[in-house]
Amino acid sequence: MKDTSIFIDFNLSTDNPAIEDIVTCVADIIKNTDAIKRWHPRHTDHLRVIILNLLKAYQMSGDGYISYSRMKGVYARMKASAMRYLPFPVAYQAMVTLVDALHSPELSLVDHNNGFYFPEQGNSKPSRMRATQKLIDLFAEYGVLQSTVNRDPSSETIILKDDEKKLIDYDDTATTILMRDNLKSINDLLAQNFIGLCVADKVYDQIVRRIYDIPDSEWDTECLRTMDLTRNRVNRVFNNGSFKQGGRFYSGWWQSIPKEYRRYIRINNLGTVELDLPGLHINLLYALEEKPLPKEDPYLVEGLPKEARTFLKVALNILINAESWQKGIKALRDKFPRHKLPVQIRDFDYKSIVDLFLAKHPPLEKHFGSGAGVHLQYLDSQIAEKAMLILAKKGIPALPMHDSFIVTRRHRQDLEKAMNDAIQDLAGIRLNLKASPTAYEDVYLHGVEEEVQSIENYESEEWTSREHCKRYYKTWDKWNEGK
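Residues numbered from 1 in each chain as written. Predicted model: local features only at pLDDT ≥ 70, side-chain atom pairs only at ≥ 80, totals over all residues. Heavy atoms only, no water.

**Quick word on the packing of helix 10 (residues 325-335) against helix 11 (residues 350-360)**
Helix 11 packs onto helix 10 with a crossing angle of 120 degrees between their chain directions and a minimal axis gap of 10 Å. When the axis of helix 10 is compared with that of helix 11, the two are oblique. Considering the relative orientation of helix 10 and helix 11, their crossing is right-handed. Contact residues: Trp325, Ile329, Leu332 and Arg333 in helix 10; Tyr350, Lys351, Val354 and Leu358 in helix 11. (Axes fitted to C-alpha atoms, helices over the stretch in contact; angles between N-to-C directions. Helix = DSSP H or I, 4+ residues; strand = E, 2+ residues; numbered from the N terminus. Parallel < 35°, antiparallel > 145°, perpendicular 65-115°, else oblique. Left-handed = near helix turned anticlockwise from the far one by under 90°. Contact = heavy atoms within 4.5 Å.)

Right, dumping it as structure tokens:
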């Protein structure tokens, strides 16, 4: 069975003060057992985090598990290099002792499955826990079942990872402070606006199944799973221990849904449009080489069929990201084994595909297999930051998708100008922006509805039907109640 547990987040918070009453209640029960000889404030901090995660997991799925580590080395590494990303010093002993107490017969507040680690086989699975009915009843008794649990807005948003993708600490500079301040402006605006996915409930379930990759045999219609729509803030993640590599914006829930459903995102219950900077990295490389931008599609290669474009786009970006020719071709083979290649190009060997790209883009030869990807990501992240700040000054929220952005359709022209100004200022080029089909266009272009409605009627609650989009309107109504 596929593991759909969510790894524990030490930065969760809620504005419902009743959570503290539950923490106090459970702490008093534990104190009356032999589980912990001497209670310390750190135990309260750990218990609060555990309870918030259990509540969040239950809200997202009635049988939702959270996973955590019982390995001392994990906590030692966090203490040594990741304290910036934690709200308090997370300790192995406090964490494990509290989980064991919650799982004990005296409390029976969590179900628990131990993890395993087989280094010889490269196989492992973290320990997992979920709320028992006893704890769920306690949530109900204290009135917190419907509480909004999300990531603490004060948690670190400028994230630095080493070349093994592990979190590392850093000293703040004027640059990191400015980036954090800019990101706060962007996130505060996102948090002030409703962001939802207006699809029929049955379509919502299909999306969730794709996100979690849940097969039919494991889909439980009685235990609804959901997306975490509270993740409406973004972080910037830098790579290889450098604030000049990476820097893209991550963590927004809209980034996790399949591309074809992004058109159904609504901001403040208004339809949206997504504008894309096509062929961004290829065009940035041409700009860096001070060469004219290619006029035709940079991903289509003479000698290879147009039907393989999706593969060719991924392949070209793999070659740019790879640190050497050999690693690039190996990465291609790993991601696209022969049987997974598009049918039209299975007769081509990987090296010949690379050679065709070289013939297509001779000015970029030195960038293939150079590891240029993370440097280009830094540049595109700077473009994204500038565009979002331009819009934020006008009070316009924009959802970042790395090389595209989503805004309400009424703000399309504002987005076009912001994107063009940002890329002109930082890269000295202009690109023809590409718009993805909107939900409104999708409905009529595919003949779902024969009678053409105005966009205003399409966006009305009567047209989209509360009956079919119950989940969406439940979140929209809850948002309005909390305003």
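**Quick word on the pattern of salt bridges**
The tally for this structure, following the rule as stated, stands at 30 salt bridges. For Glu20, the salt bridge goes to Arg48, with nearest N and O atoms at 2.7 Å. In this pair, Glu20 is assigned in helix 1 (residues 18-31) and Arg48 in helix 2 (residues 41-60), connecting sequence segments 28 residues apart. Judged by its relative accessible area of 35%, Glu20 falls in the partly exposed class. Overall, the relative accessible area of 23% leaves Arg48 in the partly exposed class. Note that Arg84 and Asp169 form a salt bridge whose closest N and O atoms lie 3.1 Å from each other. (Salt bridge = Lys/Arg side-chain N within 4 Å of Asp/Glu carboxyl O. Buried < 20%, exposed > 50% of the residue type's maximum accessible area, 1.4 Å probe, protein only.)

**Points about the confidence of the model for the protein**
For the protein, the mean per-residue pLDDT works out to 89, and 90% of the residues sit at or above 70. Contacts of residues 446-450 to residues separated by more than four positions or lying in other chains number 4 contacts, the stretch itself having pLDDT below 50. (pLDDT = per-residue confidence, 0-100.)

**Focus: the sheet that holds strand 11 (residues 235-238)**
Judged by pairing direction, the sheet is mixed, and its 3 strands sit side by side in the order 9-11-12 without closing on themselves. Edge positions in the sheet fall to strand 9 (158-160) and strand 12 (246-250), since each has one partner strand and no second. The average undirected angle you get between the axes of adjacent strands in this sheet is 25 degrees. (Pairing = 2+ DSSP bridges.)

**A few points about the packing of aromatic side chains**
Scanning the entire structure with this criterion turns up 10 aromatic pairs. Their ring planes at 75 degrees and their centres at 6.1 Å tell us that Trp253 and Trp254 sit as a pair that is edge-to-face. Joined through ring pairs, the aromatic side chains of Phe194, Tyr472, Tyr473, Trp476 and Trp479 make up one cluster. It is Arg128 that lies over the ring of Tyr65; its NZ or CZ is 4.2 Å from the centre. Taking the ring centre of Phe336 as reference, the NZ or CZ of Lys335 above it sits at 5.9 Å. (Phe/Tyr/Trp six-rings, centres within 6.5 Å; stacked < 30°, edge-to-face > 60°. Lys NZ or Arg CZ within 6 Å of the ring centre and 35° of its normal.)

**Description of helix 10**
Among the residues of helix 10, Gly328, Ile329 and Leu332 are the ones counted as buried. Looking straight down helix 10, one finds that the buried residues subtend no more than 95 degrees of arc, so they occupy a single side. Opposite its buried face, helix 10 presents the exposed residues Gln326 and Asp334, each directed more than 90 degrees away. Contacts made by the buried residues of helix 10 are with helix 9 (309-321) and helix 11. (Arc of directions from axis to C-beta.)

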